[in-house]
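Secondary and tertiary structure notes
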Amino acid sequence: HVALICYVDAAKVLNLVPKRCVLVERETTYSNILNSWKAFWQSFADGEILRDVTLFKGTIAQALQQLPQVYNFVNLDFLGPWTDEVERTVRRLFHNGRLENESVVSITLSEARRFIDNPIPQYSLVEEPHKNFVVEKFKALTKGTGYTPVYLWHHNYNETSSYPMITIVFRVRKKAS
């Protein structure tokens, strides 16, 4: 599952604290898989990273409303391209003070046809302009919040997925007041 792979890799590289991390999944099948993996964390190499992670079944907007924690890692795994809902969620994350002073935000978007209202997104996820579009939108949404985003990396899942997907990872830092 992409969210778990991204989380484990990011946690190791960026020295994230699992107790302050949340993974949100709205599909029951994948939510059950994540819960199972968390329950058997001892079975995996680097599995201790999973032990204290908060898993939430539902939408990202629901998680932000129901989980009052402040996080150092948030994985925003959206089921489709950049939309107004994605934009509102990212804005809410920053404006509601849900991130620590130094945090990582990972955004996964896809072109899964079942999740796209308009079958022709502004840019195809297999093209570089889409990554640039998301990076610029993300940076614009942090303006005036006290956070400065730094693009870290991205990964296209075009060869390993049945539909184009991209994960874009940012480190965000709160400016000292």
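Each value, and the rule that gives it
- Residues numbered from 1 in each chain as written.
- Predicted model: local features only at pLDDT ≥ 70, side-chain atom pairs only at ≥ 80, totals over all residues.
- Heavy atoms only, no water.
- Core = buried A, V, L, I, M, F, W, Y, C linked by side-chain atoms within 4.5 Å.
- Buried < 20%, exposed > 50% of the residue type's maximum accessible area, 1.4 Å probe, protein only.
- Helix = DSSP H or I, 4+ residues; strand = E, 2+ residues; numbered from the N terminus.
- Contact = heavy atoms within 4.5 Å.
- Pairing = 2+ DSSP bridges.
- Salt bridge = Lys/Arg side-chain N within 4 Å of Asp/Glu carboxyl O.

1. A closer look at the nonpolar core
By size, the foremost hydrophobic cluster in this structure holds 29 residues, and its most contacted members are Leu-76, Val-90 and Ile-107. For this core, the elements supplying multiple residues, two or more each, are β1 (21-25), α4 (60-66), β3 (71-77), α5 (84-95), β4 (99-110), α6 (128-142) and β6 (165-174). Beyond its immediate sequence surroundings of up to four residues, Leu-76 is in contact with Ile-60, Val-90, Leu-93, Val-105, Ser-106, Ile-107 and Thr-108. Membership of the second largest hydrophobic core comes to seven residues, among which are Leu-14, Cys-21, Phe-73 and Val-169.

2. Looking at the pairing of β4
Of all twelve residues in β4, ten are buried, a share of seventy percent or more. As judged from the six bridges shared by β3 and β4, these two strands associate in the parallel manner. Bridging across to β4, Phe-73 finds its partner in Val-104.

3. Remarks on the pattern of salt bridges
In this structure the tally under the stated criterion is four salt bridges. Among the ionic pairs, Arg-91 bridges to Glu-87, the shortest N-O distance being 3.4 Å. Residue Arg-91 and its partner Glu-87 are located together in helix α5, separated by four residues, close to a single helical turn. Judged by its relative accessible area of 35%, Arg-91 is partly exposed. Taking the relative accessible area as the measure of exposure, Glu-87 reaches 17% and is therefore buried. Measuring nitrogen to oxygen at the nearest pair gives 3.0 Å for the salt bridge that ties Arg-171 to Glu-102. Here Arg-171 is found in strand β6, whereas its partner Glu-102 is found in strand β4, with 69 residues between them in sequence. Residue classification places Arg-171 among the buried positions, given a relative accessible area of 13%. When salt bridges with common partners are traced through the structure, they connect Glu-87, Arg-91 and Lys-137 into a single cluster.

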